[in-house]
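# Coordinate analysis (summary)
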Amino acid sequence: MKKGKITVLFICLGNICRSPAANAVLQKMVDDAGLTDRFLIDSAAVGPWHIGDLPDKRMRQAGAQRGWDISHIARQFDASSDFDRFDYIVVMDEENYKNITRQAHHEKERNQVIRMADYFEHHPTYSTVPDPYYGGMADFELALDLIEDGCQGLMKQLFTGK
Ligand code: 4NP
């Protein structure tokens with residue numbers, strides 16, 4: 001149920017690397033802070049290719065080494081329900097931003113779409129979370145560094161307004 005909760009949906013292209021990682025990282029931060037009941041957190045894909053899949057093994061392994069349980073089952077963004085269910089729709093890159101805002105029905109929904117990079121505090125030179133899918137483990141580690149930074153900033157902003 002959404003009522004009274006801070007609702008956050010993370011978006012990436014496939015929902016098997018970046019957005020399920022962000023989903024797991026923010027969920028654990030919220031749980032560790034004793035705020036589980038105050039948040040509803042989920043993630044979804046722009047595209048349909050990996051619906052029903054567990055996250056990419058490389059992301060699961062890289063995440064597990066840092067204490068994150070990245071185990072979301074992939075699903076596709078649904079404009080007919082997700083704009084209603086989630087106040088904050090957090091995209092990883094500009095392609096995601098264009099795709100999701102294009103599906104908004106009006107200005108209010110367009111304004112619900114925000115960029116993860118806007119919450120980075122320690123990576124000022126990055127304006128996206130780059131897609132690691134065709135990269136190596138260093139790209140997955142970088143994605144996690146950026147996601148951890150963004151989730152920390154996001155949580156601060158959403159919960160404390162700072
Ligand atoms: P993600 O990474 O958007 O971070 O989940 C990708 C996963 C799959 C594909 C592309 C990016 N793909 O082309 O299947």
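This is a predicted model, so every value here is computed, not measured.

Thresholds, definitions, all that
Residues numbered from 1 in each chain as written. Predicted model: local features only at pLDDT ≥ 70, side-chain atom pairs only at ≥ 80, totals over all residues. Heavy atoms only, no water. Pairing = 2+ DSSP bridges. Helix = DSSP H or I, 4+ residues; strand = E, 2+ residues; numbered from the N terminus. Axes fitted to C-alpha atoms, helices over the stretch in contact; angles between N-to-C directions. Near = heavy atom within 4 Å. Polar contact = N/O pair within 3.5 Å; in protein donor to acceptor, adjacent residues only side chain to side chain. Areas by Shrake-Rupley, 256 points an atom, 1.4 Å probe, with all protein chains shown as cover. 1 Å grid on protein atoms, 1.4 Å probe; cavity = no way out; pocket = protein on both sides within 12 Å on 5 of 7 lines; lining within 4 Å. Sits in = over half its atoms within 2 Å of the grid points. Nonpolar A, V, L, I, M, F, W, Y, C, P; charged D, E, K, R; others polar. UniProt positions renumbered as here; feature names shortened; annotations may be inferred. Parallel < 35°, antiparallel > 145°, perpendicular 65-115°, else oblique. Left-handed = near helix turned anticlockwise from the far one by under 90°. Contact = heavy atoms within 4.5 Å.

### Points about the sheet that holds strand 1 (residues 6-12)
- One open sheet accounts for 4 strands, arranged 2-1-3-4; its pairing is parallel. Pairing within the sheet leaves two strands with one partner each, and these edge strands are strand 2 (39-45) and strand 4 (113-115). Sheet twist, expressed as the mean angle between neighbouring strand axes with direction ignored, is 30 degrees.
- By the bridge criterion, 7 bridges tie strand 1 to strand 2 in an arrangement that is parallel. Opposite Leu9, over in strand 2, you have Asp42 as the bridge partner.

### A short note on the pairing of strand 3 (residues 88-91)
- In this sheet, strand 3 lies alongside strand 1 in parallel orientation, the contact comprising 4 bridges. Across the sheet, residue Val8 finds its bridge partner in strand 3, namely Tyr88.
- Across 3 bridges, the pairing between strand 3 and strand 4 is parallel. Bridged to Val91 within strand 4 is Arg115.

### Quick word on the site of the ligand
- The local shell around the ligand consists of Cys12, Leu13, Gly14, Asn15, Ile16, Cys17, Arg18, His50, Asp131, Tyr133 and Tyr134.
- Between Gly14 and the ligand, the recorded distance is 2.8 Å, taken from a backbone N or O atom to an oxygen atom.
- Within the side chain of His50, an N or O atom sits 2.8 Å from an oxygen atom of the ligand.
- Burial of the ligand by the protein chains amounts to 92% of its free accessible area of 360 Å².
- More than half of the atoms of the ligand fall within 2 Å of the grid points belonging to the largest pocket.
- Among the residues forming the shell around the ligand, the class breakdown is 6 nonpolar, 3 polar and 2 charged.

### Points about the UniProt feature "domain: Phosphotyrosine protein phosphatase I" (unreviewed entry) in the chain
- Per the UniProt annotation, the sites labelled "domain: Phosphotyrosine protein phosphatase I" (unreviewed entry) are residues 6-157.
- Split by type, residues 6-157 is 42% helix and 14% strand. Its first and last C-alpha atoms lie 11 Å apart.

### Here we look at unusual backbone geometry
- At Asn15, a residue that is not glycine, the phi angle is positive and equals roughly 60 degrees.
- Inspection of the secondary structure puts Asn15 in the loop between strand 1 and helix 1 (18-32).

### Comments concerning the packing of helix 1 against helix 6 (residues 137-160)
- Remark: helix 1 packs on helix 6, axes separated minimally by 9 Å, with the N-to-C direction vectors making an angle of 45 degrees. Compared by their axis directions, helix 1 and helix 6 come out oblique. Helix 1 and helix 6 meet at a crossing whose hand is right-handed. On helix 6, the residues that touch Arg18, Ala21, Ala22, Val25, Leu26, Met29 and Val30 of helix 1 are Leu144, Ile147, Glu148, Cys151, Gln152, Leu154 and Met155.
- Class assignment of the residues belonging to the contact of helix 1 with helix 6 gives a composition of 11 nonpolar, 1 polar and 2 charged.

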